[in-house]
Amino acid sequence: MYNIKKYICGSPFETNAVAENIAVSDKLPCYINISENDRVITYAMGKEDKVYGLGEAVRGINKRGWIYETYCSDDPMHTETKRSLYGAHPFIIVDGEKLFGLFVDYPDKVTFDIGYSDIDTLTVTVKSADCCLYIIEGEALTDIVKGFRRLIGKSYVAPYWAFGFQQSRWSYYTSKDVQSVIDGYRTNGMPIDAVYLDIDYMDGFRDFTVSDERFPNFKEFVRSAKSQHIHLVPIIDAGVKCDDSYSVYTEGRDNGYFCKDKDGNDFIAAVWPGKVCFPDFLNAEAARWFGMKYKTLTDMGIDGFWNDMNEPAIFYSERQLDKAIGKIAAYRGKNLGVYDYFGLKDTVLGLSNSAGDYSSMYHNVNGEIVCHDRVHNLYGFNMTKAAADAFVEIAPDRNILLFSRASYIGMHRYSGIWTGDNQSWWSHIKLNLQMLPSLNMCGFLYTGADLSGFGDNATEELALRWLALGIFNPLMRNHSALGTKDQEYFRYKNKDIFGNLLKVRYALIPFLYSEYRRAIEDDDLMFRPLAFVYRGDKLAEACEDQLIVGDSVMIAPVYEPNALGRYVYLPENMMMVRFKSDREYECESMAKGHHFVEIPTCEAVIFIREGKALPIVKAAANTDEIDLNTISFITNNDGGEYVLITEADKRTIKYRSTGEVYV
Ligand code: MIG
């Protein structure tokens, strides 16, 4: 049970984050203070209070002890000192002396100082006093989650095939390159369902074009991939190349569909293709126009997309570049002291994603001219919504895969997200784990990190350890940056181990998909922190590196190099299962408490809770070929029933203690 109260400060911009209308209250609960013209909210935290939420953010599951800003940011260095990443998710849950959720519906920057400036104080600051506040009260953490999730609406349902393994790279340059990746997996007996097309499939980085030279007869190529059970997933960038011979540009320009500058001219900045214009996704007509452009690709058989650079990312604008060049010229011939030198450096680095550019960009929201600053966090959301809205028209009989880099609360109704440009760092395995429940709280269930890491080079050991967690990411995609070492799993020495771990994923797909759908249906988490399940168990409440998946299993991946294994905390008696491949596993009962568990890199270890069971199937080369008749259970109970949710239906499956299924 929960109750939600809504408070309005000033005149908020309608964000569409919320799907349910709620009566407005006039007084905040007495434990929350609001001051300075409604701009600053404070709460006195108890010594033991924990704070959850914030979706895509650095640091732990418990967000206490840092300062975060919800501001969609194109930043590929996800170090612990950062305050913002690509998604802006201004929702937190305070759990301690009081239990409540707080959602600050505000599309510009919100600062969450969670015991950073003052160890005991939570201070939430909005840039201007125009926001909606929602306070959700309830008895249990799950109540708060459900209350919030009902408020913001049901999460996007990804297609079943999108739970298959997906391989990406910036870039596979030609259809031959793509085919050789498919062959690499297939000939090594490694399952796979999708290969990604990064910016180089396009003709000169022009959205909705395909390079004829590198991908001749694209439609036929898509069909041929499909016949091998491979979905091709092209990228779409937010910026539209300024080019008089490119119809997407000229249509947008002639119809006034691009964001403007302060004088009403098209706002121009540079990204991949050089100078671009940014479609005004906050304008309904422009959004519809851009959304319908996806038809070019869906007509060629494409059924998945990833929307990138939609914070929006800006390399530079001519105006800022001119200023910078002016400044730099003034340094010429000077004997630069330390401050001058750093000033010079900052001038160049500060060109990208500059506040000056964002505040020179304007939207036309139903006739009202709105400065980008006021609505920054809604740009990627509306780009992605434009695509999702169009899919209903252009591909009514297909469920199209869609996920985005930038996001705001509410976008989860239309798509998933990936967590952007991480690195091949051990710490990012743990960050991948920690983001999953935080994102779930904010409605993002179809999500995942670039496995093996985007930037930097992945070693074989890191790739294997990350894969053992990756088999639980709903969006299970291996992706890497231009200039990094190839990191497709078949390129490593121990291909058989990679193949076996991929097979474990495929054995788990019906379970993972079911739990994903159940979480959507119940407005619940698919990945729970231990704190959400084992109330009152201090060790469980403080646990930052283990998760409960669905409600039956616990995962505890290794995220350190050269590890023999790791300490695992069992909050109850559990059964450990060591998977070596889909059908090869060993079980061992273990008592509540701490254990050092040896985990070789060739194993994926999971723990089944008391009284629960895990359904598995025989792995297949792709999701089309998974045979549900091969389902059996690994049980830690005396048999029972499991409701399996497939793309088409829901069925109750009965199983015995031995794990076999009967009717
Ligand atoms: O900043 O399209 O996050 O996944 O490979 C580079 C090239 C632009 C950023 C995305 C990344 C993608 C890359 N893009």
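Structure first, text after, so check above.
In this report, the structure presented in the accompanying data block is examined. What you are looking at is a predicted structure, and each value in this text was computed from that prediction instead of being measured. (Residues numbered from 1 in each chain as written. Predicted model: local features only at pLDDT ≥ 70, side-chain atom pairs only at ≥ 80, totals over all residues. Heavy atoms only, no water.)

### Some remarks on helix 3 (residues 218–227)
Link 1 in the chain: Inspection of helix 3 places Phe 218, Phe 221, Val 222, Ser 224 and Ala 225 among the buried residues, and these make up the whole buried set. Burial along helix 3 is one-sided: seen end-on, the buried residues are contained in an arc of 165°.
Link 2 in the chain: Considering only its buried residues, helix 3 is in contact with helix 2 (175–187), strand 13 (194–197), strand 14 (231–237) and helix 6 (295–298).
Link 3 in the chain: Positive backbone phi, approximately 65°, marks His 229, located one or two places after helix 3. (Buried < 20%, exposed > 50% of the residue type's maximum accessible area, 1.4 Å probe, protein only. Helix = DSSP H or I, 4+ residues; strand = E, 2+ residues; numbered from the N terminus. Arc of directions from axis to C-beta. Contact = heavy atoms within 4.5 Å.)

### Let's talk about the packing of helix 12 (residues 427–441) against helix 13 (residues 460–470)
Link 1 in the chain: For the pair helix 12 and helix 13, interaxial distance at closest approach is 10 Å and the crossing angle is 10°. Comparing their axes, helix 13 and helix 12 come out roughly parallel. In this structure, helix 12 contributes His 428, Ile 429, Asn 432 and Leu 433 to the contact, and helix 13 contributes Leu 462, Arg 465, Trp 466 and Leu 469.
Link 2 in the chain: The class makeup of the residues in the contact of helix 12 with helix 13 is 5 nonpolar, 2 polar and 1 charged. (Axes fitted to C-alpha atoms, helices over the stretch in contact; angles between N-to-C directions. Parallel < 35°, antiparallel > 145°, perpendicular 65-115°, else oblique. Nonpolar A, V, L, I, M, F, W, Y, C, P; charged D, E, K, R; others polar.)

### A closer look at the packing of aromatic side chains
Link 1 in the chain: Inspection of every chain in the model, using the stated rule, returns 48 aromatic pairs.
Link 2 in the chain: Both rings, one in Phe 205 and one in Trp 272, keep their centres 6.4 Å apart while their planes meet at 55°; by these two values the pair is tilted. With a gap of 67 residues between them, Phe 205 in the loop between strand 13 and helix 3 and Trp 272 in the loop between strand 16 (268–271) and strand 17 (274–277) connect regions that are remote in the sequence.
Link 3 in the chain: Residue classification places Trp 272 among the partly exposed positions, given a relative accessible area of 28%.
Link 4 in the chain: Ring geometry for Phe 208 versus Tyr 294: centroids 5.1 Å apart, planes at 70°, classification edge-to-face. Placement of Phe 208 in the loop between strand 13 and helix 3 and of Tyr 294 in the loop between helix 5 (284–293) and helix 6 is noted, with a sequence separation of 86 residues between them.
Link 5 in the chain: Relative accessible area serves as the criterion here: at 7%, Phe 208 is assigned to the buried category.
Link 6 in the chain: Each residue in the set Phe 208, Tyr 249, Tyr 257, Phe 258, Phe 281, Trp 289, Phe 290, Tyr 294, Phe 305, Tyr 379 and Phe 391 is aromatic and connected to the rest through ring pairs, giving one cluster.
Link 7 in the chain: Cation over ring: Lys 109 sits above Tyr 71, and NZ or CZ is 5.1 Å from the ring centre.
Link 8 in the chain: In this structure, Arg 518 packs its charged tip against the face of Tyr 642, placed 5.2 Å from the ring centre. (Phe/Tyr/Trp six-rings, centres within 6.5 Å; stacked < 30°, edge-to-face > 60°. Lys NZ or Arg CZ within 6 Å of the ring centre and 35° of its normal.)

### What about the pairing of strand 31 (residues 574–581)?
Link 1 in the chain: The element strand 31 is extensively covered by neighbouring structure, given that 7 of its 8 residues are classed as buried.
Link 2 in the chain: Examined bridge by bridge, strand 31 and strand 32 (residues 584–590) share 7 bridges and lie antiparallel to one another. In the strand pairing of strand 32, Phe 579 is matched with Tyr 585.
Link 3 in the chain: Of the strand pairs in this sheet, strand 31 and strand 34 (residues 604–609) are connected by 6 bridges, and their pairing is antiparallel. For Met 575, the partnering residue across the bridge sits in strand 34 and is Ile 608. (Pairing = 2+ DSSP bridges.)

### Some remarks on the sheet that holds strand 9 (residues 110–114)
Link 1 in the chain: Read across the open sheet, the 5 strands follow the order 2-3-10-9-5; overall the sheet is antiparallel. Strand pairing shows two members of the sheet lacking a second neighbour, strand 2 (33–35) and strand 5 (66–70), which therefore form its edges. Mean inter-strand twist for the sheet, computed between neighbouring axes without regard to direction, equals 15°.
Link 2 in the chain: Bridge count between strand 5 and strand 9: 5 bridges; the pairing is antiparallel. Of the residues in strand 9, the one forming a bridge with Ile 67 is Asp 113.

### Some words on the pattern of salt bridges
Link 1 in the chain: Counted according to the given criterion, the structure contains 45 salt bridges.
Link 2 in the chain: A salt bridge links Glu 488 to Arg 491, with the shortest nitrogen-to-oxygen separation between them at 2.4 Å.
Link 3 in the chain: Judged by relative accessible area, Arg 491 falls into the partly exposed class, the value being 41%.
Link 4 in the chain: The residue Lys 580 makes a salt bridge to Glu 586 at a minimum N-O spacing of 3.9 Å.
Link 5 in the chain: Here the salt bridges share partners, and the residues they tie into one network are Asp 74, Asp 308, Glu 311, Arg 405 and Asp 421. (Salt bridge = Lys/Arg side-chain N within 4 Å of Asp/Glu carboxyl O.)

### Looking at the site of the ligand
Link 1 in the chain: As a structural note, the neighbourhood of the ligand is formed by 13 residues, with Asp 198, Asp 308, Arg 405, Asp 421 and His 479 the closest of them.
Link 2 in the chain: Within the contact set of the ligand, an oxygen atom lies 2.5 Å away from a side-chain nitrogen or oxygen of Asp 198.
Link 3 in the chain: Between the ligand and Asp 421 there is a distance of 2.4 Å, counted from an oxygen atom to a side-chain nitrogen or oxygen.
Link 4 in the chain: The fraction of the free accessible surface of the ligand (350 Å²) that becomes covered by protein chains is 94%.
Link 5 in the chain: Mapping the ligand onto the cavity grids shows that it belongs to the largest pocket.
Link 6 in the chain: Split into classes, the residues belonging to the shell around the ligand amount to 8 nonpolar, 1 polar and 4 charged. (Near = heavy atom within 4 Å. Polar contact = N/O pair within 3.5 Å; in protein donor to acceptor, adjacent residues only side chain to side chain. Areas by Shrake-Rupley, 256 points an atom, 1.4 Å probe, with all protein chains shown as cover. 1 Å grid on protein atoms, 1.4 Å probe; cavity = no way out; pocket = protein on both sides within 12 Å on 5 of 7 lines; lining within 4 Å. Sits in = over half its atoms within 2 Å of the grid points.)

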